[in-house]
Amino acid sequence: MNILPGEFVNVPDPKVIVLADAVSFPILFDHSKVEKKDLIVGTYVPSTSFTGGYKVGGYLDPSDEKHGKLKGLFLGLFASIHHKTTPVSQTYFAALFDNLESDVAAKGQASFNTYSDNMIFELLLHVYYNIDPAKLGNKGSSMIRKWLLSSSIQ
């Protein structure tokens, strides 16, 4: 589904897409059937006040002229660091699943979103900026979640 979970999020337009199986996934790339304007996760766009009034690449409609340029920039950046992306990703994904398995063994359940949000934030810091996430404490990913949530309730 392309909507944030939870009843506490006030979603003005509750239209969602639910995929029944992996075979139906390619339909998301058919722009004649799925409009992607002003969304990336859920049915909202975070406030542009955080980005100086500009929409970030992920929220630009594929028909927007800036979309292709930004996509090319990010793919070029990603290609320039491919040599470290895979080994670092393996380390972070292994830690993610170790944490999940540990919680399930101890409590009978685990919060995938909490661990995956932290893992993605730390992975991006490590790969793109060569920053050791441990130096930031455990605040970064929770700050991003708060920003996204506050932006979605506007």
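Before going into details, it helps to say that this report is about the structure given with it. (Residues numbered from 1 in each chain as written. Predicted model: local features only at pLDDT ≥ 70, side-chain atom pairs only at ≥ 80, totals over all residues. Heavy atoms only, no water.)

Moving on to the overall build of the protein chain. When its secondary structure is counted, the protein chain shows four helices and zero strands. Going from the N terminus to the C terminus, the protein chain shows its helices and strands as α-α-α-α. The buried share among the 154 residues of the protein chain stands at 21%. Pairs at least 24 apart in sequence give 46% of the contacts found in the protein chain among residues at least 6 apart. (Helix = DSSP H or I, 4+ residues; strand = E, 2+ residues; numbered from the N terminus. Buried < 20%, exposed > 50% of the residue type's maximum accessible area, 1.4 Å probe, protein only. Contact = heavy atoms within 4.5 Å.)

Take helix H2 (residues 82-107) next. An ideal rise of 1.5 Å per residue puts 38 Å on 26 residues; H2 measures up with 37 Å between its terminal C-alpha atoms. Among the residues making up H2, those that are buried are Thr85, Val88, Ser89, Tyr92, Leu96, Leu100 and Asp103. Phi turns positive, to about 85°, at Gly108, one or two residues after H2. (Expected span 1.5 Å × (residues − 1).)

Right, let's get into the environment of Tyr92. Structurally, Tyr92 is set in helix H2. Judged by relative accessible area, Tyr92 falls into the buried class, the value being 14%. With 26 residues separating them in the primary sequence, Tyr92 and Asn118 have C-alpha atoms 9.8 Å apart. Residues within four places of Tyr92 in sequence aside, it is in contact with Met119, Glu122, Leu123, His126 and Pro133.

Keep in mind that these numbers describe shape and distance, not what the molecule does.
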